[in-house]
Amino acid sequence: MLLLCLTDRDPAEALPGLDLLPHEVRTSPLSLRVPETMASRFDAILVDGTLDPRRARTACLALVDGTQTPRVVILAEHALTALTTEWGVSELLLPGASPAEIELRLRLIERPAAPSDAPPPAVQAAGVVIDEANFIARVFGRTLDLTYKEFELLHFLTGHPGRVFTRDQLLSEVWGTDYFGGTRTVDVHVRRLRAKLGEHEGLISTVRGVGYGFARARYEDEEESDG
């Protein structure tokens with residue numbers, strides 16, 4: 001699975017040849033910081049610098065110390081002189097690269113596969129199971145049809161059952177510290193998540209004046225019984 005960081009445009013415009021390959025591609029705004037927990041789930045991160053090499057360089061530098069996931073920068077030929085080892089990228093692609101060339105370069109930077117007998121990482125709490133390896137979320141066995149950010153938000157909340165987070169904390173953890181949108185986006189995504197959880201929407205609770213928590217009632221009851 002690949003993560004393509006780009007400006008606000010059709011991903012097919014950044015690297016047309018990639019659209020002809022069978023890779024599953026997720027996208028993220030070039031201006032947002034990619035958290036290490038997110039980056040580690042991808043085989044490679046492609047950074048589109050064809051429109052703004054300077055922003056691409058900033059994005060690459062932010063990834064140098066944050067993740068071991070290989071980075072590939074996409075640059076137009078006239079911007080190649082700006083590329084240095086400081087960027088910390090493993091490969092370079094021109095926007096007009098053929099599917100065969102793209103596949104070859106991705107294969108050359110491929111990370112060693114995990115042992116076949118190793119179980120896929122998963123997060124479980126209160127009937128919700130997050131399959132990190134395949135980006136699948138289930139509630140009591142039912143697969144949820146989630147957008148990428150909805151998945152990331154549910155993944156974060158499920159990983160911290162019983163805790164309460166402010167909207168600002170959720171923005172920082174899920175959207176990244178470079179996100180400049182308001183906290184209203186958290187409310188919108190929580191509302192959508194609840195709708196998709198259906199009869200289990202109460203798993204995400206609102207703490208008035210604070211923020212949101214996951215499975216608070218269940219874990220508070222467990223703590224009281226343990227005490």
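Overview of the structure. (Residues numbered from 1 in each chain as written. Predicted model: local features only at pLDDT ≥ 70, side-chain atom pairs only at ≥ 80, totals over all residues. Heavy atoms only, no water.)

1. Digging into unusual backbone geometry
The phi dihedral of Ala 126 is positive, around 55 degrees, even though this residue is not glycine. On the accessibility criterion, Ala 126 (8% relative accessible area) is buried. At Phe 140, a residue that is not glycine, the phi angle is positive and equals roughly 50 degrees. Inspection of the secondary structure assignment puts Phe 140 in the loop between strand 8 (136-139) and strand 9 (142-143). (Buried < 20%, exposed > 50% of the residue type's maximum accessible area, 1.4 Å probe, protein only. Helix = DSSP H or I, 4+ residues; strand = E, 2+ residues; numbered from the N terminus.)

2. A look at the nonpolar core
Core analysis: the largest hydrophobic core is formed by 48 residues, its most contacted members being Val 47, Leu 153, Leu 154, Leu 170, Ile 204 and Phe 214. Residue contributions to this core peak at 6 residues, all from helix 5 (residues 148-158). Contact partners of Leu 153, with chain neighbours within four places excluded, come to Leu 170, Val 174, Trp 175, His 189, Val 190 and Leu 193. Core analysis: the next-biggest nonpolar cluster, separate from the first, contains 16 residues, Leu 21, Ala 44, Val 72 and Leu 93 among them. (Core = buried A, V, L, I, M, F, W, Y, C linked by side-chain atoms within 4.5 Å. Contact = heavy atoms within 4.5 Å.)

3. Focus: the sheet that holds strand 10 (residues 164-166)
The 3 strands are arranged 10-12-11 in an open sheet whose pairing can be described as antiparallel. Edge positions in the sheet fall to strand 10 and strand 11 (204-207), since each has one partner strand and no second. Recorded for the sheet is a direction-independent mean angle of 30 degrees between the axes of neighbouring strands. Pairing analysis gives 4 bridges linking strand 11 to strand 12 (residues 211-214), with the strands arranged antiparallel. (Pairing = 2+ DSSP bridges. Axes fitted to C-alpha atoms, helices over the stretch in contact; angles between N-to-C directions.)

Any link to function would need more than the numbers given here.
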